[in-house]
Amino acid sequence: MLDLFRSQKKTAKYVLSAVLGLVALSMVITLIPNLFSSQQATIDDPVLVQVGDEAVTRYDVANAMRDYARSGTPAESMAFMAQQVIENLIEERVLLQEADRLGVKPSEKELALWIKEQMPHLWETGTFNSALYQQQIAQQFSITVPEFEKAVMKDLAIEMRLKELVTDNIVMTEQDLRKLFEDRNEKIKIEYVPIEASQFASQVSPTEQQIKDYFEQNKFRYRIPEQRTVKVVTVDPSSAPTPEITDAEIELYYNQNRYRFESPERVLARHILFMTTNPDDPGGKQLEGEALEAVRKKAEDALARVKAGEDFAKVAEELSEDPGTKGQGGNLGWVVRGAMVPEFEQPLFALSEGQISDVIKTPFGFHIIQAEKKDPPQVRSLEDARQEIIADLTIEKEQIGRLERVDKVMTAVRNAGDDVEAVAKEMGLPVMVLSNIDRQHPPAALGAYPRFLGDIFSVVTPGDVVSNSDEKGTMIAKVISITPSRDAELAEVADRVRADVVQSESRRIAEEKAKELYEKAKGGNLAAAARSMGLTVKTSDFFARTGGVDDFAPAQTLGDKAFAAAPGTVLGPVNAGDRFGVYAVTAKEPADPTEFLDQRDNLKAEFLEAKRNEAFGIFRGLVRQRYEKDGKITRYPERIEQLIRDIRTS
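Residues numbered from 1 in each chain as written. Predicted model: local features only at pLDDT ≥ 70, side-chain atom pairs only at ≥ 80, totals over all residues. Heavy atoms only, no water.

1. Brief notes about helix α6 (residues 108–118)
Using the following cut-off: For the exposure calls, accessible area comes from a 1.4 Å probe over protein chains only, and a residue counts as buried if that area is under 20% of its type's maximum, exposed if over 50%, partly exposed in between. Numbering goes from the N terminus for both helices and strands, where a helix is a DSSP run of H or I of at least four residues and a strand is a run of E of at least two.
For α6, the tally of buried residues reaches eight of eleven residues, placing the bulk of the element in the interior. Buried within α6 are the following residues: Glu110, Leu111, Ala112, Leu113, Trp114, Ile115, Lys116 and Gln118.

Structure (structure tokens):
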């Protein structure tokens, strides 16, 4: 999905839940009317699949396949990809309708607020700058505003809200965590025999007929790729002048963003906690009866000590069961409203400065709270905030200036005909002429920009202009000429074909050798079998599932069976690209339990994310099945087949 959305996803999550109370909706913005409703089909854009109230059309498929074309997907693969794209679009529409049914579909107002939070520079003058918005989306993502907004709404609906609803109740037991730790950290040591395909290359002498036959069978691999000549103008962001910030602009920004300069009421707090749940499962089952009363008695005894004058921090260090604050004397730092559960927050903010609470009960246990210091709500003055505002406005104005300058250069390049050099010279900008480039062998200047290269090769008509922006600047490319791809003649690629025949035959020989070795060694004596074939046995160091053997294979290729095998077991044959081989497990080393605590939090986060993805995947499948069963998905096979034929012949 969109880079902007991915980088801001955490922010967006909070925007959707909190920004309604922080930002007034005072914008003029063109959102997509009826964003989730069915698209009106036309003769040129027929419906391929009807999914409930929504349609998947030819245009939808073509639009979704644009990234495949940009990334260099071979033409012969595009027809297959189109079928997969159709299935993905069906599932997407199913999930959007399910989000609507479950009441988690975001509104267009929330989308507008998200955009305002992520792109505040669009409101620099106090009103929404629609032209700048369109420029930024076009330059950064090479899509239209409606496409951008639809993509964001889809991510908000499916990847955040719906996924959150479905997976928020997933938990991980301590037993699950221990098992994951042991699997991740157990190690094995192996003896192995690598068989490199390259060592047999000298034995392969292909005939001219073999070369010809291989070429005819694999002709698609030797097509002469499409070539293009482009002229690229680079706009350096550092060349723009530093913007001037007026007092009126500073005051307007301050008034429109006053909430940013407000400091809410806060309390510097300490607490002593006596837990009434399992410490490893704070949200789990609560103690009851006598066990609960015993914990309450401990809390009351501690309260008596601090009320009698003992140092609160020292008692917390001695008795508190909160592992996060115990070592700091129960120090919670500055607490603002909304940061704690209500059962804790209400008595905390009711305390006077220096006062200690009675024993209070929350879902975590019994607490004793001390309000060390209290600060009332405050608003920073304009003068105090001036430098911060100047810095923000400078960044925003610089970005606006860059966007406007890039737009001006793009317009000039677009109107320049083939003489892009003249425009670049007039504007004092550098220009590169890249002649007859192809996607498979990009010039060094574009090698680090695969998406930009994809955009250049997605242009249909010479004269079109595309751009790529990053922190280094903006490159604007005009496609001057397009030379179509074609089938190669054998004479043009004979050396390549000969090398491929040698490699293919070498791999076949190496694979046969590995199979022969395994048959001889599977009884348990790998060393003897290797000697009989003139092969060398090597010994690895210990490695875990995340490691492997550099000159043999990664652990992922060996798979779980390697770690489950008893020492002495011979396994294989292994296929690791142009290397084959056989191996035997010689020793096993269990996970070191002393490392568990260091890895626990990361493992838990990783496990939960994996389980949530797995659960959401199951949910997606079940919802899809329900829609199919209820007859809410209607395919039009003849239209889909026509689309596939058109792609194959295009």
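Let's pick the thread back up.
2. Remarks on a negative patch on the surface
Just so we agree on the cut-off: Note that patches include only residues with greater than 30% relative accessible area and no salt bridge, and the join distances are 9 Å for like charges and 5 Å for nonpolar side chains (Val, Leu, Ile, Met, Phe, Trp, Tyr). The protein chains shown are the only cover counted for residues, whose accessible areas, like all others here, come from Shrake-Rupley with a 1.4 Å probe. Definition used for salt bridges: Asp or Glu carboxyl oxygen within 4 Å of a side-chain nitrogen of Lys or Arg. When charges are counted, Lys and Arg contribute as positive and Asp and Glu as negative, whereas His and the chain ends are disregarded. All charge positions are set by atom: Lys at NZ, Arg at CZ, Asp at CG, Glu at CD.
A grouping of Glu589, Asp592, Glu595 and Asp598 is seen on the molecular surface, where their side chains present a negatively charged patch. Residue placement: Asp598 occurs in helix α22 (residues 596–629).

3. What to know about the confidence of the model for the protein
The condition that has to hold: Each residue carries a pLDDT value, the predictor's own confidence for that position, ranging from 0 to 100. Contact between two residues is taken to exist if any of their heavy atoms lie within 4.5 Å; hydrogens are not considered.
When pLDDT is averaged along the protein, the result is 86; 90% of the residues meet or exceed 70. For residues 1–42, every residue scores under 50 in pLDDT, and the model assigns this stretch 99 contacts once sequence neighbours within four places are set aside.

4. Quick notes on the environment of Glu290
Here Glu290 lies in helix α12 (residues 289–307). Sequence spacing of Glu290 and Ala424 is 134 residues, and the spatial spacing of their C-alpha atoms is 84 Å.

5. Re the packing of aromatic side chains
What counts is decided by this rule: Centres within 6.5 Å make a pair out of two Phe, Tyr or Trp rings, where for Trp the six-membered ring is used; the pair is then stacked when the planes are under 30 degrees apart, edge-to-face when over 60, and tilted otherwise.
For the structure shown, the criterion picks out nine aromatic pairs. Between Tyr192 and Phe552, the aromatic rings sit 5.0 Å apart at their centres with planes inclined by 40°, giving tilted as the arrangement. Here Tyr192 is found in strand β3 (residues 187–196), whereas its partner Phe552 is found in the loop between β15 (548–549) and β16 (553–554), with 360 residues between them in sequence. Residue classification places Tyr192 among the buried residues on the basis of a relative accessible area of 4%. The interplanar angle of 15° and the centroid separation of 5.8 Å between the aromatic rings of Phe616 and Phe619 together place this pair among those described as stacked.

6. Quick word on the nonpolar core
This is how it is decided: By nonpolar core we mean a set of buried residues, namely Ala, Val, Leu, Ile, Met, Phe, Trp, Tyr and Cys, connected to one another through side-chain atoms within 4.5 Å.
With 31 residues, the main nonpolar core has Val49, Val61, Met65, Ile86 and Ile90 as its most contacted residues. Contributing elements (two or more residues each) for this core: β1 (47–51), α5 (75–101), α8 (145–167), α22 and α23 (637–649). For Val49, the contacting residues outside a window of four places in its chain are Glu54, Ala55, Val56, Ile86, Ile90, Ile633, Thr634, Arg635, Tyr636 and Ile640.

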